[in-house]
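If you want the building blocks of each chain, they are given just below.
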Amino acid sequence: AARRTAPRAAAAAVLGLAAVAGAGDVPAHAQRPLSDRFRYAIGAQDGPGQFGAVAGLAGSRTDDSVWVADRLNHRVQRYTTRGELLAQTGSYGTGDGQLNQPRAVALDGEGNVYVLDAGNFRVQVFGPDGAYRSHFGSRGDADGQLLEPVDLAVSENGTAYVLDAARARVQRFARDGTLANAWGGVGAGEGQLDRPMGIALHPDGTLYVADTGNHRLVRFSNRGTFLGAWGSRGSGPGQLDTPVDVVAAPDETFFVAERGNRRVQRLDADKRHLTDWGHFDGLEDLVSVTATYGNVIYVADARINKVVRYTPEGSFEYEWGGVKVVDGKFDGPSGVAVAANGTLYVADTNHDRVQRFNAQGVFLDGFGASGQALGDFSRPRGIAAAPDTTVYVVDGGNHRIQRFSAAGTSPTAFGQRGAGPGQLERPMAAAIGEVGGEPVLFVADTFNHRVQRLSRTGAFQAQWGTRGADAGQLDRPTGIAVGPDWTVYVADTGNHRIQRFGADGAPRGAWGTRGAGAGQLDTPQGVAVAPDGTVFVADTGNARVVELEPDGRFRGAWGMPGTSDGALARPFAIALAPDGRVIVADEGTGRAHVFGMGPMAAFRVEMHDNPTLAGLPRLVDEPAAIRYNWGDGRPSAALPADGFSLRALGDVSAAEGGDHGVEVAADGGVRLWIGGKLVVDQWAAPTVDAKTTVALPAGVHRVVLEYVDPAGPARVGLTWAPRG
């Protein structure tokens, strides 16, 4: 039977609770810590055979398998010719072995895997077993740095050629990652390039670049000497339109992926047209083409999100992937609400549905479909969870509000398109308030530039606002919230401010001007108010969350533009959980980010029913320490006895800087990062007994532990022995 043993008592602390120093002589209004500590994100990684966004391909040098860079799942995977998963490398992050939007993948003669980790502006090298080995590159435009890396090619001996579209150049790196030389430059002359997107090595050692903006192929020696160019813009045989990738096959023919012509063109050794296919075969947005040892051709198409297999003559053989609606995954989430019992509701806007999660972020179910019938949605936006468990969904594209039970059943609807009382024009948010002891609904009637107050059943009660920038006027109000004193807070998006109103619409003041400084806002779209009056604003244009005092004074801001954990791309809506966590629905990253005050007091352990950490977590545990021993059992009936995996997130505190002790013991494979540093990398090991140290400065550091149980007994434990 499955069991979890209690943590042992010892001088070395089992990893768990972290603490930080006190606030000291900080002004009273700043004593409350910011809720800026990233906890976790909700938004499932796709399962095997599915892609977040398919990107670069690399055919095997020894068989007919293919490596695929899955950009938005932040991983690379190896598949058989039938789309069966053979191997997977990478997880989300900035540490060694972690990936952020990988764009391309390549192999050397020893089977090492080179990944163009574009979001981290580097190339990472993994061994044939998936273990991290090294990396090189950093962000910038100096020699050896990367500004917009788009593709790479690797020779048998490990020399890497990295293509940078922004600088229109190729950089050659030695096996140890040192820069050997670089060439290129923006233009259309000999040796110049215009936003090149693809690069390939020929069996003779020369390089071919898909010179995208110049609609041609350019050949260089492996030291950068210009050797020739082929192609002109057009759709005829041998002509090219926006070529994005090229591969030199083992038989010395060339395959060119053309985005403009939506085709793959095969050329002979002298660059003469042999055949082409794709335009009438379902290809829409080609991003990569590759050939294997056995001359099997694979094409990646970003629009249909598939990998497609062909013969060299262009005959279709097989495909996998596709655009699918996946439980627990979002496309453009722009509404979020938390019920009193902790149930989380997320408006999965582009999928026209609402998804429900429990208080730990485990997927429960979803409701809604595209349409106009009762219970259907057209771009649902805001969500409001009432104290009586009723859930209101702002059905923006249908210009109405729909009311559901807590489980998403028994829908009723009110509102129709128009500008009269009770009518709506693309509303985007709603909030629950109270007037005279009775619950009411405040609606941000966005494109009527007003707020409406309705009864709980939709009866019109009051309205205020006209388009403008004066006090009490509104310009596309997108977010709305009600404070503990029933004050109504409106995200006045077009005016880049927050306005406060009484329940009767009487103005009570405004905060914010356009900008990125302290107290400034840029296109704010969401607002939430805590029980103590703290105001949280989804400052969309600045890709951050702003915290304000109850009187409007700036307390702080957090988040940064990006796609890594805790980074925000387009924060749209914001909600507060009963325990004080802040949930941000981010349209840009397609995730719901969860933040809190201070370090995590317990671990978050997400358990998956597969060995690759893919798909939804089937179970979430929140232990004070990582000390599991399931023996021959399993964590729960939702997981298999063999072949499950987990990812644990937590914080540890180092009172002083220096070397800190870490111990990991497991039956199964483990990867461990502390403070972004890869400390243990034994994913393929049957057992792990690692004792090591990690150099860290004083402070709080994030811990990420990944574990896989391939077969047999299952256990994993983690112990932290801080310096001093």
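Scroll up for the structure.
Residues numbered from 1 in each chain as written. Predicted model: local features only at pLDDT ≥ 70, side-chain atom pairs only at ≥ 80, totals over all residues. Heavy atoms only, no water.

Chemist: Sorry if this is basic, but what is going on with the pairing of strand 10 (residues 132–136) here?
Modeler: Two faces make up the sheet, and in a regular strand the side chains alternate between them. Note that strand 9 (residues 122–126) and strand 10 share four bridges and pair antiparallel. Note that in strand 10 the partner of V123 across the bridge is F136. A loop of five residues connects strand 9 with strand 10, the two strands running antiparallel in sequence, and G130 in this loop sits at a positive phi of about 90°. (Pairing = 2+ DSSP bridges. Helix = DSSP H or I, 4+ residues; strand = E, 2+ residues; numbered from the N terminus.)

Chemist: Honestly, the side chain of R647 in this entry has me stumped. Any pointers?
Modeler: Turning to its location among the elements, R647 is positioned in strand 53 (residues 644–654). A polar atom in the side chain of R647 sits 3.0 Å from the side chain of E706. For R647, the contacting residues outside a window of four places in its chain are S91, R604, V605, E606, L613, V704, L705 and E706. (Polar contact = N/O pair within 3.5 Å; in protein donor to acceptor, adjacent residues only side chain to side chain. Contact = heavy atoms within 4.5 Å.)

Chemist: Looking at this structure, I do not really get the pattern of salt bridges. What am I missing?
Modeler: Any two side chains of opposite charge can pair, given that their charged atoms come close. Throughout the structure, instances matching the rule amount to 48 salt bridges. Its salt-bridge partner being R353, residue D348 comes within 2.7 Å of it at the nearest N-O pair. Its relative accessible area of 9% is what places R353 among the buried residues. Through salt bridges that share partners, R37, D651 and R702 make up one connected network. (Salt bridge = Lys/Arg side-chain N within 4 Å of Asp/Glu carboxyl O. Buried < 20%, exposed > 50% of the residue type's maximum accessible area, 1.4 Å probe, protein only.)

Chemist: For this particular structure, what's the right way to read the sheet that holds strand 29 (residues 353–357)?
Modeler: Sheet strands associate in pairs through backbone hydrogen bonding, adopting either a parallel or an antiparallel arrangement. Read from one edge of the open sheet, four strands run 27-28-29-30, paired in antiparallel fashion. The sheet is open, and its two edges are formed by strand 27 (335–338) and strand 30 (363–367), each paired on a single side. Within this sheet the neighbouring strands show an average axis-to-axis angle of 20°, counted without direction. Of the strand pairs in this sheet, strand 27 and strand 28 (residues 344–348) are connected by four bridges, and their pairing is antiparallel. Considered in strand 28, the bridge of V338 is made with L344. (Axes fitted to C-alpha atoms, helices over the stretch in contact; angles between N-to-C directions.)

Chemist: Mind showing me how you'd approach unusual backbone geometry here?
Modeler: Comment: phi is negative for the bulk of residues other than glycine, and the bulk of peptide bonds are trans. Of note in this structure, H215 is not a glycine but carries a positive phi near 55°. Tracing the chain through its elements places H215 in the loop between strand 16 (207–211) and strand 17 (216–220). Residue classification places H215 among the buried positions, given a relative accessible area of 11%. Phi is positive for R379, close to 55°, though the residue is something other than glycine. Mapped onto the elements of the fold, R379 is located in the loop between strand 30 and strand 31 (380–385).

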